[in-house]
Amino acid sequence: MDRRSVQLAAVATPNKSFIGSNCVYTSADDLRQLGIKDGDFVSVKSMIFVARADEAVGAGNIAFNLVQRKTLQISLNEPLAVQAWFAPKENIHMFRISVEADFPNKGRATNDPIDAEMLGRFIASSFSGQCFSVGQDFLIDFQGNSLTLRVTELEILKGDAQPTEEKMQQIKEDDIVPSPMGILNKLSRVTVGKFQGSTINLVNVQKATTSSKIFRPDFSFSKMGIGGLDSELGDIFRRAFASRVYPASVLAKMGLMHVRGVLLYGAPGCGKTLIARKIGKMLVDREPKVVNGPEIFSKYVGGSEENIRNLFAEAKAEQAEKGDESELHVIILDELDAICRQRGTTRGDTGVGDSVVNQLLSYIDGVDSLNNILLIGMTNRKDMLDEALLRPGRLEVHVEIGLPDERGRVQIISIHTNSMKANGFLDSQVNVEELATMTKNYTGAELEGVCKAAASYAFERNIDKSNLDHPHANIDNIRVMMEDFTRAINEVKPAFGVSMDQLDMCMPNGIINFGPRFDRLYETGLKFLAQVHESERTPLLSILLEGNAGSGKTALAAKLASQADYPYIKFISAESLVNQTEVARAHKITQAFEDAYRSPLSVIVLDNIERLVSYVKIGPRFSNEILQILLVLISKRPPKGHRLLVVGTTSSLAVLEQLELAGESGVFTTSMHVPYLSQPEVETVMTQQGCFEPDGISQCAAEIGDGGIGIKTLHMVTEMARSVSKGNITPAAFKQCLRSYGL
């Protein structure tokens, strides 16, 4: 279509009522010269305006208000080339427009709240049919407030579809596209923010960016490089980010606030820090601030509190400037227990720790609390944190990052071997599912260690040790084999795994079946193991093996524990706690039970319980703190979905009954007596030992008194006799060694 151009002089609008219309005004004759009528479009310096005819504007002139002249950078009486403009048939109808608002006259600024959502609807209604360009300023009078608005972003509908209510409801992201200009209509979505540095008090603000743009376009949980934590990631997204997907106006109408704090807690190496860092990197907004807890403290008075204030300074300044349209500020505090311990519990300090906690609480949920922050705290010791920090409104989302299950271990191992596989370094016989089965109770960090250890075997196998300066010749031959992973699993032991070395040390002579009484003991123990493993109604069982010293209680407990094939087995004895304070020993015992609660199936062996509680007959004396811990933990049911078997041993049943650990009022579910060996049972053991003269076994056994002998003591005497005998042990040699032991 022919676009006529006329040169006109710029003048001021003759009537104040024209100022808020965003139209330009000229004479009817000039409109005819342009070939258009009243209400059509004209183009001035690449911006499009609706042209109106008015008799007060002389021929050869075109009237602009002050804001229009500033936007176009024109002066009064400046000659301008004015051209008729005809809207294209497609890609012109506006879907969304974002504007920033401010007061044109700072002297008339008010602090009265202005509803941004209502203002947006008023703009769409008042300026429907007008064409706007990005960067264009215009004036509006809204509820008695004169405002300047600037267009910051435009999105138009693709194609020639006319906007209708039904059409606008069905719009998808692929149906819209950013544009430098577009024609506004009553159904267009208008989001209003405020100018940088403006004092305008906007409420009910809708963010210019849509909810889906909180995360990067390529966001997906699978691309985060985190395996085995699908449920935990889903909880974090639902609690901390789902509300941020919607405009602030929705939460304002519901009377809600965003979640400002998330606490990730759990055992070391399970992925707490990894989750926090990955989530921060997947956000569209600014990079997160990552701070280790101890870095907060300063040697200067007030320096620690100032460091906390500096962490939140940017978020505070941006919220004051932009209000609800402020970007999300993510602050990650690792080792949170270092700075947020329970107030009043730290002795001998200057109170800095308490002040740091107070300062942190004031920013999260105090009088000057911020709504544009997300604080992600991480700790291995949730029990040490100040309770005020954990209540709703502060670090209210508590997510335990536990040990991965078998499906999770498959994901983690796959993540750490994907690059090997893609580049041809992983042997085709490597079975990830089998590796996951072999790595019960491994943390994510330990599984990564297994992959590194397996690769180290492959590196070593392909190194020519006589020519270490030229390793490149063997690069193509590097293959990480299944046996490399098997060796790596034997090398990298899980912190929450099975202490098999301790169990093996408890059975130096193995387990010898001495007859029917042993069968009954052992079979009963296995039934308890099966009950814990299979029954849904008994997640906790505790067995006390009692008997005289040397009767083999510890060896039997170790045998039952190893036979359980549970992913977590912990052996606790007085020997493992020697040279530790009472508080340290209590913590070790408590930690063993807490670790057991993280595993689906666990066995804890408490060996020689009277020694664990430091019992002595003189007094008598014992550790009440450790006793109370055992009384509670032995009878405490594990969390839902977890099962625990506690096996205790004692040589002083009467003492444990007095301490209310055993007996009718005790905490153990049941007790089993481990007897001394009778003479026939001694003969059975000697026969299986295979180091006695066959004809002398009965005579050797006859040397044992009517009271019998403990199997552990029998092994000790046998070893002494073996060492002094050149061949098989004779009755005389055995008798002499028996007397040496005072028997």
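An unreviewed UniProt entry lists the protein under the name Vesicle-fusing ATPase, with Guillardia theta given as the organism. Looking at the protein in UniProt, the text filed under Function (unreviewed entry) is "Required for vesicle-mediated transport. Catalyzes the fusion of transport vesicles within the Golgi cisternae. Is also required for transport from the endoplasmic reticulum to the Golgi stack. Seems to function as a fusion protein required for the delivery of cargo proteins to all compartments of the Golgi stack independent of vesicle origin."

Considering the domain arrangement of the protein
Segmentation of the protein into domains returns domain 1 (5–84), domain 2 (94–203), domain 3 (221–401), domain 4 (406–491), domain 5 (500–673) and domain 6 (679–741). Distance between the C-alpha centres of domain 2 and domain 6: 99 Å.

Quick look at a nonpolar patch on the surface
On the surface, Tyr 246, Val 250, Met 254 and Leu 256 cluster together into a nonpolar patch covering about 410 Å² of accessible area. Tracing the backbone through its elements, the reader meets Val 250 in helix α6 (residues 248–254).

Overview of the environment of Arg 150
Mapped onto the secondary structure, Arg 150 falls in strand β11 (residues 145–157). Separated by 409 residues in the primary sequence, Arg 150 and Lys 559 have C-alpha atoms spaced 79 Å apart. Those residues in contact with Arg 150 that sit more than four places away from it in its chain are Ser 98, Val 99, Glu 100, Gly 135, Gln 136, Asp 137 and Phe 195.

Concerning the pattern of salt bridges
Under the criterion given, the structure shown has 16 salt bridges. Taking the shortest distance from any N to any O, the salt bridge between Glu 448 and Lys 452 comes out at 3.6 Å. Of this pair, Glu 448 and Lys 452 both sit in helix α13 (residues 444–461), four residues apart, roughly one helical turn. Of the charged contacts, one joins Glu 703 and Arg 739 as a salt bridge, the two residues approaching to 3.3 Å between their closest N and O atoms. In this pair, Glu 703 sits in the loop between α23 (697–702) and α24 (711–724) while Arg 739 sits in helix α25 (residues 731–740), placing the two residues 36 residues apart along the sequence.

A word on the sheet that holds strand β18 (residues 329–334)
Read from one edge of the open sheet, five strands run β17-β18-β19-β16-β20, paired in parallel fashion. Across the chains shown, the open sheet's two edge strands, defined by having one partner strand only, are β17 (289–292) and β20 (397–400). Neighbour-to-neighbour, the strand axes of this sheet turn through a mean angle of 15°, independent of strand direction. Sheet analysis places β18 next to strand β19 (residues 373–379), joined by five bridges and oriented parallel. The residue bridging Val 330 from the neighbouring strand is Leu 374, located in β19. Its contacts with the sheet place helix α8 (residues 303–322) against β17, β18 and β19, and it is angled at close to 165° to β18.

Some points on the UniProt feature "domain: CDC48 N-terminal subdomain" (unreviewed entry) in the protein
What UniProt calls "domain: CDC48 N-terminal subdomain" (unreviewed entry) maps, in this numbering, to residues 7–87. Secondary structure content for residues 7–87 is 17% helix and 38% strand, while the C-alpha to C-alpha distance between its ends is 21 Å.

The rules behind the values
Position numbers for residues start from 1 in each chain and track the written sequence from start to end. Under the rules for a predicted model, residues below a pLDDT of 70 receive no local features and side-chain atom pairs below 80 are neither given nor counted, while totals for whole chains, interfaces and linings still include all residues. By convention in this description, side-chain values take in all heavy atoms of the structure and omit both hydrogens and water. UniProt positions are given in the numbering used here, feature names are shortened, and annotations may be inferred rather than shown by experiment. Marked domain ranges trace back to an automatic or database domain assignment. Patch membership requires more than 30% relative accessible area and the absence of a salt bridge. Residues of like charge join within 9 Å; the nonpolar side chains Val, Leu, Ile, Met, Phe, Trp and Tyr join within 5 Å. Here the Shrake-Rupley method, with its probe set to 1.4 Å, supplies the accessible areas, and only the displayed protein chains count as covering residues. Criterion for a salt bridge: a side-chain nitrogen of Lys or Arg within 4 Å of a carboxyl oxygen of Asp or Glu. Per the convention used, a helix needs a DSSP run of H or I reaching at least four residues, while a strand needs a run of E reaching at least two, with both numbered from the N terminus. Contacts are assigned to residue pairs that have any heavy atoms within 4.5 Å of one another. Two strands form a pair only when DSSP identifies at least two bridges running between them. Angles run from 0 to 180 degrees between N-to-C directions of axes, and those axes are lines fitted to C-alpha atoms, restricted for helices to the stretch in contact.

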